[in-house]
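Working through the structure, step by step
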Amino acid sequence: SQQGEEDPQALSIQEGENATMNCSYKTSINNLQWYRQNSGRGLVHLILIRSNEREKHSGRLRVTLDTSKKSSSLLITASRAADTASYFCATDPGGYQKVTFGTGTKLQVIP
Amino acid sequence: EPEVTQTPSHQVTQMGQEVILRCVPISNHLYFYWYRQILGQKVEFLVSFYNNEISEKSEIFDDQFSVERPDGSNFTLKIRSTKLEDSAMYFCASMDYGYTFGSGTRLTVV
């Protein structure tokens, strides 16, 4: 698998349901970030979790990180139609090196 | 909150023409990056820049590409002779303790 591989590739849910996206990576990281991208638009930074953290919350977002399994998950609770977007994880090895983006999950929230 | 600014937001160019994409990083950041995203694909690293030098580049960043910090505030990406496959969204980022991405320039080569 590639560094930053996400599943599912696409997810379609009803408004009000929870959406869970997973990210797996291969090499060691300093932190892992999640971004949202509306179709054809820029990257919006959602949340950053450091390698020594296991869980982080921000509003309706909950991110977990399991460094032993080299995986992270993003949970969006009580989804809204406006959450429809692509979601990417990005791994940061630290030391000002490049971040590596995952393949993304395309989320569709049906009103 | 400080922002990374990219201009233009959309540029259309003829194949074979040179384009310059501009970025204004956050003023006290020292590390700068360019990424690109071909439509529908993942975001790919192009190049990183520190202390007026390229610190790392990907295999995508061939001789057609160059970067420059001409005046201490702007950070530019030049594509010398554009090809159809250069059509993509180009993102600039700068970093201090964390990454900040610009909103991107959509380059369309026709």
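The coordinates are above.
Below: a short report on this structure. Since we're looking at a predicted model, the values are computed, not measured.

1. Details of the state of the cysteines
- Taken as a whole and assessed by the stated rule, the structure comprises 2 disulfides over all chains.
- Between the sulfur of cysteine 23 of chain A and that of cysteine 89 of chain A lies a disulfide, 2.0 Å long from S to S. Taking the torsion about the sulfur-sulfur bond, which here is approximately 65 degrees, the covalent link between cysteine 23 of chain A and cysteine 89 of chain A counts as right-handed. Here cysteine 89 of chain A lies in strand E9 (residues 85-92) and cysteine 23 of chain A lies in strand E3 (residues 19-24), a separation of 66 residues in the sequence. Just as cysteine 23 of chain A is buried, cysteine 89 of chain A falls in that class too.
- Disulfide pairing is shown between cysteine 23 of chain B and cysteine 92 of chain B; the S-S distance is 1.9 Å. Taking the sign of the torsion about the S-S bond as the criterion, the disulfide between cysteine 23 of chain B and cysteine 92 of chain B, at about -60 degrees, is left-handed. One end of the pair, cysteine 23 of chain B, is in strand E3 (residues 19-24); the other, cysteine 92 of chain B, is in strand E9 (residues 88-95), with 69 residues separating them in the sequence. An identical accessibility class is assigned to cysteine 23 of chain B and cysteine 92 of chain B; each is buried.

Rules and cut-offs
- Residues numbered from 1 in each chain as written.
- Chains lettered and ligands numbered in written order.
- Predicted model: local features only at pLDDT ≥ 70, side-chain atom pairs only at ≥ 80, totals over all residues.
- Heavy atoms only, no water.
- Disulfide = S-S within 2.5 Å.
- Helix = DSSP H or I, 4+ residues; strand = E, 2+ residues; numbered from the N terminus.
- Buried < 20%, exposed > 50% of the residue type's maximum accessible area, 1.4 Å probe, protein only.

These values are about where atoms sit, not about what they do.
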